[in-house]
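Below, each chain spelled out in residue letters.
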Amino acid sequence: MRLDKYITRSRVVDLASADMEGALEELLNLTVDRFPDLDKGALLKGLLRRENTMTTYLGLGVALPHVRARMGRRYVIAIGRSHYGIRYDGAIESEPVRLVIMLIADERARDYLQVLASLARLLKEQDFVDSLVQAPDLDTVYERLFAGFGGIAPKPVPTSANRVSHIVLKEAEKIARSTGCKALMVFGDTFTGGFETPKWGGALKTFLVTRNLADGEDHPARYSDTIQVRSFSSQRLAQLRSAVLVGLTRGTITFSDRLCCVGGMAGSNQFDTVVVVDVEKEFQTLLSGHADLLPEDVKPEVLERVIGVATELAVEGREGRPVGCLFVVGDSGKVEKASKPLVLNPFYGYKEEDRNILNPFMDETIKEFSSVDGAFIIRGDGVVETAGSLLQAADFNHSLPSGLGSRHAAAAAISVAADCIAIAVSSSTGQVTLFRRGVMMPLTEKKVTA
């Protein structure tokens, strides 16, 4: 989804208020004048009520207050910048709020959580936030927001490696055609800025793989689709495997496809690797005689989100310590019958929207409860049913590699007992492993210790 069409220069302002309530009033004043069907008082109450229920502070000095209302447009975004910082109870003392991104969504908008997640991903990029806070004027703030939200940057930044990378991309296209590949997959996070995309010829599908963009529309006529992978391993094979897995769950890639993949070291600004992959061979063990990888009730974006959170926990740990955890996605009714609570359910009683893993403000909650023994049970639509659950399914037909413990055994067993996917994070190696029908597939490599 493109977000640039929901912002205008008239709704980007330097804030004069020193507290959040005053800042919200300033942003609402900009909004209700343009949309008279909106009730400023009701919107302000709704925004403040949500702040009291759950903080909308994202970190890096950014707050993302949001509210739903009945209106004639799907979304309205207003942006306020504070030069001196805003007092805010939900923020860290050393991080005064410098940016307030207010989102008003129509009650009928179905992709509300996806829009929130896209905004949150973008606003967690330190370089992007710094570019907004330090911009010399509001016109520059708007231009950078417009480009960041999916619009076309008015002045693309060229890179010194563009010429070499352009040649690599064109040669990769030739390799793809001569080897019978159905698609060309380009890993865009090789570049920290924009890169020159050649004009592809013929009917060859092209996919842009990235974690930083809301979508791939900064290359509007160059790619058939964008595969967004929220968090990458540093290992290239793991990156490729995660991207193909996401493509399979979305249906943009099939098991019979052969892919030509082009990438390089993340942030190196240089494409240097071309790999040809047969999807069926790469995922043959995981299929185990079945054509469906994704359980029937699981939405692709939910699995993508769970994989992203699991990978971030594997890389970052929690408060400097490694953590191990287990997520079970799909067929929640059957999974709950094969489990029992180890602790009181921390998610009980909350609205489904507030405890949906697609909600970006759930990230810290999930990570905080990851240190509790037991599994997260997640419905196929993303609603977290419980945490700290003991899985009691038994599986005697699958043997695991040596070194894997009870968490992985429980993940394998529950993936056999129910039509679900289990994702385990190892506390000792940091490896993220997916289980489907008792068969395991590593999504990241083990950490190498000195």
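Because the structure is predicted, anything quoted here is derived from the model rather than measured.

(A) Structural context of the overall build of the protein. A count of helices and strands for the protein gives 13 helices and 18 strands. Looking at the protein as a whole, 54% of its 450 residues are labelled buried. A separation of at least 24 residues holds for 66% of the contacts in the protein among residues at least 6 apart in sequence.

(B) Molecular detail of the sheet that holds strand E10 (residues 258-263). Across the sheet, 5 strands lie side by side as E9-E8-E7-E10-E11; this open sheet has mixed pairing. A strand with exactly one partner marks an edge of an open sheet, and here the two such strands are strand E9 (225-228) and strand E11 (273-278). Each strand axis lies, on average, 25° off the axis of its neighbour in the sheet, ignoring direction. Relative to E9, strand E8 (residues 205-210) runs parallel, the two sharing 4 bridges. Residue pairing in the sheet places Thr210 in a bridge with Gln228 of E9.

(C) Focus on the packing of aromatic side chains. Counting across every chain of the model gives 3 aromatic pairs. Ring geometry for Tyr142 against Phe146: centres 6.0 Å apart, planes inclined by 40°, an arrangement best described as tilted. Remark: Phe146 and Tyr142 occur in helix H5 (residues 138-148); sequence separation between them is 4 residues, near one turn of the helix.

(D) Looking closely at the sheet that holds strand E14 (residues 375-378). In space, the 7 strands of this open sheet follow the order E13-E15-E14-E12-E16-E17-E18, with mixed pairing throughout. Strands with a single pairing partner mark the edges of an open sheet, and in this sheet they are strand E13 (339-341) and strand E18 (439-442). The mean inter-strand angle of the sheet, taken between neighbouring strand axes irrespective of direction, is 35°. Looking at chain direction, E13 and strand E15 (residues 384-391) are connected through 3 bridges and run antiparallel. Looking at the pairing, Ser339 lines up with Leu391 of E15.

(E) Focus on helix H2 (residues 40-53). Taking 1.5 Å per residue, 14 residues should reach 20 Å; H2 reaches 20 Å between its end C-alpha atoms and fits that length. Of the positions making up H2, those classed as buried are Leu43, Leu44, Gly46, Leu47 and Glu51. Looking straight down H2, one finds its buried side chains confined to an arc of 160°; they lie on one side. Seen from the open side of H2, the exposed residues pointing more than 90 degrees away from its buried face are Lys45, Arg49, Asn52 and Thr53.

(F) Up close: the environment of Leu38. Note that Leu38 resides in the loop between helix H1 (20-32) and H2. Take Leu38: its relative accessible area is 7%, and that puts it in the buried class. Ignoring any residue separated from it by four or fewer positions in sequence, one finds Leu38 in contact with Thr31, Val32, Leu43, Ala69, Arg70, Met71 and Ile104.

(G) Looking closely at the nonpolar core. Core analysis: the biggest nonpolar cluster contains 83 residues, and Ile77, Leu145, Met185, Phe327 and Ile423 have the highest contact counts within it. Element by element, the count of residues in this core is highest for helix H10 (residues 300-316), at 8 residues. Among residues more than four places away in sequence, those in contact with Phe327 are Val306, Val309, Ala310, Leu313, Ile366, Phe376, Ile378, Ile421, Ala422 and Ile423.

(H) Structural context of unusual backbone geometry. For Leu60, which is not glycine, the phi torsion reads 60° and is therefore positive. Along the polypeptide, Leu60 turns up in the loop between strand E2 (57-59) and strand E3 (62-63). Positive phi, close to 55°, is recorded for Arg437, a residue that is not glycine. In this structure, Arg437 sits in the loop between strand E17 (432-436) and E18.

Cut-offs and rules
Residues numbered from 1 in each chain as written. Predicted model: local features only at pLDDT ≥ 70, side-chain atom pairs only at ≥ 80, totals over all residues. Heavy atoms only, no water. Helix = DSSP H or I, 4+ residues; strand = E, 2+ residues; numbered from the N terminus. Buried < 20%, exposed > 50% of the residue type's maximum accessible area, 1.4 Å probe, protein only. Contact = heavy atoms within 4.5 Å. Pairing = 2+ DSSP bridges. Axes fitted to C-alpha atoms, helices over the stretch in contact; angles between N-to-C directions. Phe/Tyr/Trp six-rings, centres within 6.5 Å; stacked < 30°, edge-to-face > 60°. Expected span 1.5 Å × (residues − 1). Arc of directions from axis to C-beta. Core = buried A, V, L, I, M, F, W, Y, C linked by side-chain atoms within 4.5 Å.

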